[in-house]
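Results of the structural survey
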Amino acid sequence: MMELVTIMDAESFEVLFVDAGLLDLSVLNEKKYTQFQVEDGSSRSDHSIQLPIKISLKVHISGDTKETFDAVQRAYEEYKLLIVQTRVRTYKPMVIETMPHTEQADDLNGVMLDISLIEWRTVTPVYGDAPARTTKNAKQASTVKRGQQQTSPDDGAAPKKKGSILAGIFN
């Protein structure tokens, strides 16, 4: 029988946590809408933010309990990127957010884990020229096409002391 949910390493596509049997899975995929009041007192929305996808897994570890639990713990501590393949969709990259576990007295051969995964979004900076029209100060615009600039010579003199007018008169 084929597993209904598979958790894989995002880099090597190796199946992880083989001895963890899935009991329950829920996926939270939501958007947050901005709301503002208008003159007539009603509320309007004109923008939404896609929140990171969250997956909650309830698994039962049996067999080699300690080794499988240690593998989950390592994935949590090392921020290992995971792929979760369900019957209807593949979610990637995910990272373990929480992993509380329950050890029950009547289940001597297993451990219950409530694993929470969250979508991992990597921010990629964008570099480029800033045209003068988009900056508040023209000096903050791109300097690529300005050519060679002459700096003011430093005569090595100590900077002038600033003081009040009276200090300048009496010194």
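A brief report on the enclosed structure follows.

Reading the values: rules and limits
Residues numbered from 1 in each chain as written. Predicted model: local features only at pLDDT ≥ 70, side-chain atom pairs only at ≥ 80, totals over all residues. Heavy atoms only, no water. Helix = DSSP H or I, 4+ residues; strand = E, 2+ residues; numbered from the N terminus. Salt bridge = Lys/Arg side-chain N within 4 Å of Asp/Glu carboxyl O. Buried < 20%, exposed > 50% of the residue type's maximum accessible area, 1.4 Å probe, protein only. Patch = residues over 30% accessible without salt bridge, like charges linked within 9 Å, V, L, I, M, F, W, Y side chains within 5 Å. Areas by Shrake-Rupley, 256 points an atom, 1.4 Å probe, with all protein chains shown as cover. Pairing = 2+ DSSP bridges. Contact = heavy atoms within 4.5 Å. Polar contact = N/O pair within 3.5 Å; in protein donor to acceptor, adjacent residues only side chain to side chain. Core = buried A, V, L, I, M, F, W, Y, C linked by side-chain atoms within 4.5 Å.

Residue P93 is bonded to the preceding K92 through a cis peptide linkage, with omega at -25 degrees. In this structure, P93 sits in strand β9 (residues 90-98). Positive phi outside glycine occurs at F13, with the angle close to 60 degrees. By the secondary structure assignment, F13 is in the loop between β1 (6-9) and β2 (20-28). Even without glycine at this site, F17 takes up a positive phi of about 55 degrees. Along the chain, F17 falls in the loop between β1 and β2.

Our next topic: the pattern of salt bridges. Counted according to the given criterion, the structure contains 4 salt bridges. A salt bridge links D114 to K58, with the shortest nitrogen-to-oxygen separation between them at 3.7 Å. Here D114 is found in strand β11 (residues 110-119), whereas its partner K58 is found in strand β7 (residues 54-62), with 56 residues between them in sequence. Looking at D114, the relative accessible area reads 31%, which means it is partly exposed.

Now for a nonpolar patch on the surface. A cluster of nonpolar side chains, I165, L166, I169 and F170, forms an exposed patch at the surface whose accessible area comes to about 530 Å². Among the structural elements, I169 can be located in helix α2 (residues 165-170).

A word on the pairing of strand β8 (residues 82-85). With 4 bridges connecting them, β1 and β8 associate as antiparallel partners. Residue pairing in the sheet places T6 in a bridge with Q85 of β8. The pairing of β8 with β9 spans 3 bridges and is antiparallel. Note that in β9 the partner of Q85 across the bridge is T90. The turn joining β8 and β9, which pair antiparallel and follow one another in sequence, is formed by 4 residues.

Turning our eyes to something else, we now look at the environment of D24. Looking at the element boundaries, D24 is found in strand β2. Distance in space between the C-alpha atoms of D24 and S56 is 8.0 Å, their sequence separation being 32 residues. If we skip the residues at most four places from it in the chain, D24 touches S56, L57 and K58.

On to the side chain of T86, then. Counting through the fold element by element, T86 comes out in the loop between β8 and β9. Reaching out from T86, the side chain makes a polar contact with the backbone oxygen of R89 at a distance of 2.9 Å.

Turning to the pairing of β9, a few remarks are in order. Strand direction decides the pairing type here: β9 and β11, joined by 4 bridges, are antiparallel. Paired with I96 across the bridge in β11 is L117.

To continue, consider the nonpolar core. Membership of the largest hydrophobic core comes to 22 residues, with the highest contact counts inside it found for F17, I55, I96, L113, I115 and L117. Examining the composition of this core, we find that 4 residues originate from one element, β7, more than from any other.

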